[in-house]
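Geometric and topological summary
Read off the chains here:
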Amino acid sequence: FDRKTGKPVWPIEERPVPQTSVPGEQTSKTQPFPTKPPAFVRQGMTEDNLMDLTPELKAEAVKIASEYTMGPLFTPPILLGEGGKKGAFQVPSAAGGANWGGAGFDPETGMLYLQAADMHSLASVSKGDPNRVKADYLTLGGLIAPGPQGLPITKPPYGVVVGINLNKGEIAWKVPHGDGPRHHPALKGVDPGPLGATSNGMLSSGGPLVTKTLLFVNQAQIDLATFGVSKTELFMRAFDKANGAVLWEQRMELAPYGTPMTYEYKGKQYVVVATGGSRQPSRLVAYALP
């Protein structure tokens, strides 16, 4: 938006969206869709979004997805069990997309940087017990749909770092953030490259730090099966601001949750991040060049 007038820089269009089928609920017939910049993660769920790294995984993913409602962005929650379905796919998930860490901006280039998780969640409601609750419906059902052989049900990447050119309203680059489950037994003989790690959710990594020369983004991957912290994908990384290439990375002992910060002391620059928490010891970890 133009900060002086509040008007959109690029048009925002009202478009028809799917309507609720839950008795007694009413949904807006249209929703606002920005025309620029484009979405930086998936919007809605179709069969084309399902895991397809092998034909066997794709077939299993299609079978699992048939138990749920797929649809475009703004597909509303369904009544649990309606048509035999276990919920509606919500993409981006309730945890993003982008999360509380936010984005970093470079005023010299007009570039906006962020990390995002390309995840789904499930949206459904169920009748409440009138003897116990006053609400007509409660949010019940699973949090996510299981994937084939323990892999995510959607195709990668599952976590990304994105550079958006706000002068043009275009995505300049998008790269997978971390390895993800690339070494899963079901992918033996397949070389998918980095799949990206799910760094958002209830235990989200912080936001990016933009400096004169580098972009710093830390990573604390979430295990979607347990919502616990991965013991392997705990990293601080420095990216090339122009193209997203990883220029430096450091494996960390404790999960880095906070947004990195930088300061100068006696002529030397430091980058610091908060680590730990969530049943781990809490520490500040500082990095500097020799």
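Summary of the structure given here. As the structure is a computational prediction, the values presented were derived from the model and not from experiment.

So, a nonpolar patch on the surface
On the surface, Met261, Tyr263 and Tyr265 cluster together to form a nonpolar patch covering roughly 330 Å² of accessible area. The topology assignment puts Met261 in strand S15 (residues 261–265).

Let's talk about the pattern of salt bridges
Per the counting criterion, the structure on display carries 9 salt bridges. Note that Arg42 is salt-bridged to Asp118, the shortest N-O span being 3.4 Å. Of the two residues, Arg42 is situated in the loop between strand S2 (30–34) and helix H1 (55–65) and Asp118 in the loop between strand S6 (111–117) and strand S7 (121–127); the sequence distance between them amounts to 76 residues. Assessed through its relative accessible area of 13%, Arg42 is described here as buried. The salt bridge involving Lys212 is made with Glu108; its shortest N-O contact spans 2.9 Å.

Let's talk about unusual backbone geometry
Of note, the amide linkage connecting Lys36 to Pro37 takes the cis form, showing an omega dihedral of -15°. Along the chain, Pro37 falls in the loop between S2 and H1. Each neighbour pair has its own omega, and for Val91 with Pro92 the value is 5°, a cis peptide bond. Structurally, the position occupied by Pro92 is in the loop between strand S4 (88–90) and strand S5 (103–106). With a phi angle near 55°, Gln149 is a residue other than glycine that sits in the positive phi range. Classification of Gln149 by relative accessible area gives partly exposed; the value is 45%. Positioned with a positive phi, Lys266 is a non-glycine residue whose angle comes to about 55°. By the secondary structure assignment, Lys266 is in the loop between S15 and strand S16 (268–275). Residue classification places Lys266 among the exposed positions, given a relative accessible area of 73%.

Points about the sheet that holds S15
Each strand in a sheet pairs with another by means of backbone hydrogen bonds, the pair being arranged parallel or else antiparallel. If you trace the 3 strands from one edge of the open sheet to the other, you get S15-S16-S17, paired in antiparallel fashion. What marks the edges here is a single partner per strand, and that holds for S15 and strand S17 (283–287). Taking each pair of neighbouring strands and ignoring which way they run, the sheet shows an average axis angle of 35°. Of the pairings in the sheet, the one linking S16 to S17 comprises 5 bridges and is antiparallel in character. The partner of Thr275 across the bridge, within S17, is Arg283.

Rules used throughout
Residues numbered from 1 in each chain as written. Predicted model: local features only at pLDDT ≥ 70, side-chain atom pairs only at ≥ 80, totals over all residues. Heavy atoms only, no water. Patch = residues over 30% accessible without salt bridge, like charges linked within 9 Å, V, L, I, M, F, W, Y side chains within 5 Å. Areas by Shrake-Rupley, 256 points an atom, 1.4 Å probe, with all protein chains shown as cover. Salt bridge = Lys/Arg side-chain N within 4 Å of Asp/Glu carboxyl O. Helix = DSSP H or I, 4+ residues; strand = E, 2+ residues; numbered from the N terminus. Buried < 20%, exposed > 50% of the residue type's maximum accessible area, 1.4 Å probe, protein only. Pairing = 2+ DSSP bridges. Axes fitted to C-alpha atoms, helices over the stretch in contact; angles between N-to-C directions.

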